[in-house]
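# Structural features, examined
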Amino acid sequence: MNSPAVEGHGLFSPVSSLYAARALRDFGDGFVAVLLPVYLSALGLGAFEIGVVATTALFGSALMTLAIGFLGHRIDRRTLLIAASGLMVATGFAFTQSASYGAVLLVAFCGTINPSSGSVSIFVPIEHATLSHLVADKARTSAFARYSLVGALAAAVGALAAMSPDLMAEFGISRLGALEAMFTLYALLGVAGGLFYARIPRASATEDKPAAALGPSRGIVYRLAALFSIDAFAGGLAVQSLLALWLFTRFGLSLAEAGTFFFISGVLSAFSFPVAAWLARRIGLVNTMVFTHIPSSLCLIGAAVVPSLEAALVLLLARSALSQMDVPTRSSYVMAVVTPPERAAAASITSVPRSLAAALSPAMAGALFAAGHEAWPFILCGVLKILYDFGLLWAFRHIKPPEER
């Protein structure tokens, strides 16, 4: 299952351009995830309505990714990435003009706003297929680790930038005006990202284009998609926007304190990615996914029930250092166990159930919040993720990627 082409990692290489575009996009997602509940609260929305907006955004992203997976496998990946950047631009500008709940829901459904700390968007499956095409099997996991590292560091800086509205207020800018300025910045990041995607070469005319989205790997992909949906549904109960809302309401954190916390959290997650690649070379991709994920889920459950802010933050930071180590390994594993012509479809189809499942749970978490059961979404998240880990280990422990055979 070797990649048909291998590109270098120089400053101006296609791989570096992909990393740069990912960094810009995740920087925007980093501050949007923290500011989204603040902006929606400023518009007069409550906790349940904010949860519905998060669900709507994830559900819309899932449908667009589904279309890419089943209808877009013959379309040039570079073209798809540039088009997605255009949608990001439109989303940012549209949010600044959305004053009613209905308008917010429409933009959330049709746009690229990401309420999650993870990268759940239409960009991800296209980028995964593109990156796998540009590197060799033996370099694939390390490339995904660098890809995830760049994105996580950018998202961490983005979370830190979420304190910008407080800084703008010192210059006489209104709270709502400052929040709208941040969504304008989000749109401009989409423009810059599109310019980097334009540096990626178009697909070769001789590159395999399958008649169907999936072929011999269909069974593996569907089983992975089913398991990933459990993990994503659980993760949707604790998306970053809802975690920020919990910290605001339970412990009274300020916007600056929350931004600092999510910055540190993002940095810890980012530097776990190279560790994940190192660990995968020694114990395998599946084992790395499972045996780092379970302790992180236990930390989340603990954070939900401890009484003090300090203990909760320590547990949440410990979770951040572990919970994302399955991200580069999971991406690399999916790309490794399918044939090269199936990679774009496999990336989309394993992402779609994740997005759909993740779209269902934020509204449920919002309802639990509104009912006064703020800890339950995080407890349920941890329990479901542990069940997913055991299921993944049982089902795929004997299916090895090429570099482990």
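Values in this document were obtained by computation on a predicted structure and should not be read as measured data.

The secondary structure content of the protein amounts to 16 helices and zero strands. Scaling as 2.2 N^0.38, a compact globule of 405 residues should have a C-alpha radius of gyration of about 22 Å, and the protein matches this with 20 Å. Seen through its principal axes, the protein has C-alpha atoms that stretch 55 × 40 × 35 Å. Across the 405 residues of the protein, 58% fall into the buried class. Restricting to contacts in the protein with at least 6 residues of sequence separation, those with at least 24 account for 86%. Carbon and sulfur atoms form 70% of the exposed surface of the protein, whose accessible area is close to 15,100 Å². When the 25 basic and 21 acidic side-chain charges of the protein are each reduced to a single mean position, those positions are 10 Å apart.

In this structure, phenylalanine 263 sits in helix H11 (residues 255-283). Among the residues examined, phenylalanine 263 registers a relative accessible area of 26% and is labelled partly exposed. Expressed as a C-alpha distance, the spacing of phenylalanine 263 and alanine 83, which sit 180 residues apart in the sequence, is 29 Å. Among all residues touching phenylalanine 263, those that are not within four sequence positions of it are Ala156, Val157, Ala159 and Leu160.

Right, let's talk about the packing of aromatic side chains for a bit. Applying the stated rule across the entire model yields 13 aromatic pairs. Between the aromatic rings of phenylalanine 27 and phenylalanine 31, the centroid separation amounts to 5.5 Å while the plane-to-plane angle is 80 degrees, which identifies the pairing as edge-to-face. Here phenylalanine 31 and phenylalanine 27 lie together in helix H1 (residues 14-42), a separation of four residues that amounts to about one turn. Here phenylalanine 31 falls in the buried class, since its relative accessible area comes to 1%. Arranged with centres 6.2 Å apart and planes meeting at 80 degrees, the rings of phenylalanine 369 and phenylalanine 378 form a pair that is edge-to-face. Each member of the pair, phenylalanine 369 as well as phenylalanine 378, is classed as buried. The ring of tyrosine 147 has arginine 22 sitting right over it, with the charged end atom 4.3 Å from the ring centre. A cation sits over an aromatic face here: arginine 330 above phenylalanine 228, 5.8 Å from the ring centre.

Let us now look at the pattern of salt bridges. Enumeration according to the criterion identifies 11 salt bridges in this entry. One salt bridge connects aspartate 26 with arginine 22, and the closest N-O pair in it is separated by 2.8 Å. Placement of the pair is aspartate 26 and arginine 22 together in helix H1, with a separation of four residues, close to one helical turn. Close ionic contact of aspartate 137 with arginine 140 constitutes a salt bridge, the shortest N to O distance being 3.0 Å. Separated by three residues within a single helix, aspartate 137 and arginine 140 lie in helix H6 (residues 137-160), roughly one turn from each other. A network of salt bridges, in which partner residues are shared, links Arg22, Arg25, Asp26 and Glu127.

With that settled, the discussion passes to the nonpolar core. Within the largest apolar cluster, 101 residues are counted, with the highest numbers of intra-cluster contacts made by Phe31, Leu131, Leu224, Trp246, Leu247 and Phe262. Top element by residues in this core is H1. It accounts for 12 residues. When near neighbours in sequence (up to four residues on either side) are disregarded, phenylalanine 262 contacts Val34, Ala156, Ala159, Gln240, Leu243, Ala244 and Leu247.

What counts and what doesn't
- Residues numbered from 1 in each chain as written.
- Predicted model: local features only at pLDDT ≥ 70, side-chain atom pairs only at ≥ 80, totals over all residues.
- Heavy atoms only, no water.
- Helix = DSSP H or I, 4+ residues; strand = E, 2+ residues; numbered from the N terminus.
- Rg over C-alpha atoms; globule rule 2.2 N^0.38 Å.
- Buried < 20%, exposed > 50% of the residue type's maximum accessible area, 1.4 Å probe, protein only.
- Contact = heavy atoms within 4.5 Å.
- Areas by Shrake-Rupley, 256 points an atom, 1.4 Å probe, with all protein chains shown as cover.
- Lys, Arg positive; Asp, Glu negative; His and termini not counted.
- Charge placed at Lys NZ, Arg CZ, Asp CG, Glu CD.
- Phe/Tyr/Trp six-rings, centres within 6.5 Å; stacked < 30°, edge-to-face > 60°.
- Lys NZ or Arg CZ within 6 Å of the ring centre and 35° of its normal.
- Salt bridge = Lys/Arg side-chain N within 4 Å of Asp/Glu carboxyl O.
- Core = buried A, V, L, I, M, F, W, Y, C linked by side-chain atoms within 4.5 Å.

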